[in-house]
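Per-entry structural report
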Amino acid sequence: MKRVAVERKVLSENDRIAGQLRERFCAHDVVCLNLISSPGAGKTSLLERTLEGFPTGERVAVLTGDIQTDHDATRLARFGFPVRQITTGGACHLDARMVERALEGWRLEDLDLLLIENVGNLVCPASYDLGECAKIVVLSVAEGEDKPLKYASIFFRSTLLVLNKIDLLPYVPFDIVRAREYARRVHPEIEIVEVSCTSGAGMENWRQWLRFRRQAAQPISP
Amino acid sequence: MHELSIANSVLEAVRAEVLRHPGAVPVKVALRVGELAGVDSDALAFGFQALTTGTEWARLALEIQRKPRQHRCPVCKTEFLVVDYNCICPACGASRTECISGDELELAYIELEEP
């Protein structure tokens, strides 16, 4: 019997493709963001609000993942920016290969922002690198404030937490102070913005975060 | 339930490794799974069994080594286990410490029966 040490990540094939995607995004100064949440937390609504605020000609595109249906792509396409649906046909997460395929035919040189809406799931998408610059986790106040402790992996790996549906705070027992504290306990550096896609509250903070992110990715002009 | 996809990736990795040892039969594969990896051991073991039963891999055993979350203090260099999400350095009290393990999902070793 022989024991062979193997220094290899289990998802090394996914990571390899994600690495190639990341290189392509960097080469074209494209900021790629991977939005993750449980089903119904408001990823699509956040994207709708984001796209509707962009001027015509904004260099943005969206990939949206779902197990079935192209409802989200239909919702998002009405703003006039390129949108593609990735239907996973059962898989509970997007992987780098799906993103690579979905990008076929798009010219990255025409973009500087690519928004990827992952499949609604707080667990599995955390394991799959899509080549993004940052993961964003969306948590709505209609869920429990202890989600960061229960689903630590995704909060640990996300750069930004978007707390959505804050217009509902008067009607639900969600403790937003605790939610922030729990998220920071799992990931002390996590940034947090609080928004309501319904009322529009806080959306300016989210847009500002996006602007900073995009400015940081642009090459410094001489 | 992405553990089935992960189990499949484990088998792909074993397959790739076996190619480097012609004639050898893999009998065991060990994984390091961090507590922050978001992978359930039972579901992974179940998925692994579902994929291997009745195949050429039926004898392949799976060992899962759970890895706790470990941080290092950038100020005093102390390394410590994070219990109950407490990331504060126990030696000097620094609040910003860096994660050095606990989010891994890696192969550790493969045991091969050689011809």
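Preceding this paragraph is the structure being described.
Quick summary incoming for the structure in this document. Computed from a predicted model, the values in this text were never measured in an experiment.

This part takes up the sheet that holds strand E2 (residues 61–67) of chain B. Taken together, the four strands give an open sheet; going across it, the order is E1(A)-E6(B)-E1(B)-E2(B), and neighbouring strands pair in mixed fashion. Of all strands in the sheet, those bounded by a partner on one side alone are strand E1 (2–9) of chain A together with E2 of chain B. In this sheet, neighbouring strand axes are inclined to one another by 20 degrees on average, regardless of whether the strands run parallel or antiparallel. Sheet analysis places strand E1 (residues 25–34) of chain B next to E2 of chain B, joined by seven bridges and oriented parallel. Counted as the bridge partner of Val33 of chain B is Arg66 of chain B from E2 of chain B. Sitting on the sheet, helix H2 (residues 41–52) of chain B touches E1 and E2 of chain B, and the angle it makes with E2 of chain B is about 165 degrees.

What follows concerns the sheet that holds strand E6 (residues 134–140) of chain A. Residues and elements named next belong to chain A. Within the open sheet, the seven strands sit side by side as E4-E3-E5-E2-E6-E7-E8. Their pairing is parallel. Among the strands making up the open sheet, the edge pair consists of strand E4 (83–87) and strand E8 (191–194). When the angles between neighbouring strand axes are averaged without regard to direction, this sheet yields 20 degrees. Here strand E3 (residues 60–66) pairs with E4 via five bridges, running parallel. If you follow Thr64 over to E4, its bridge partner there is Gln85. Across the sheet, helix H2 (residues 43–52) touches strand E2 (31–37), E3, strand E5 (113–117), E6 and strand E7 (160–164), and the angle it forms with E5 is around 155 degrees.

Conventions used here
Residues numbered from 1 in each chain as written. Chains lettered and ligands numbered in written order. Predicted model: local features only at pLDDT ≥ 70, side-chain atom pairs only at ≥ 80, totals over all residues. Pairing = 2+ DSSP bridges. Helix = DSSP H or I, 4+ residues; strand = E, 2+ residues; numbered from the N terminus. Axes fitted to C-alpha atoms, helices over the stretch in contact; angles between N-to-C directions. Contact = placed C-beta atoms within 7 Å.

That's the geometry; what it means functionally is another story.
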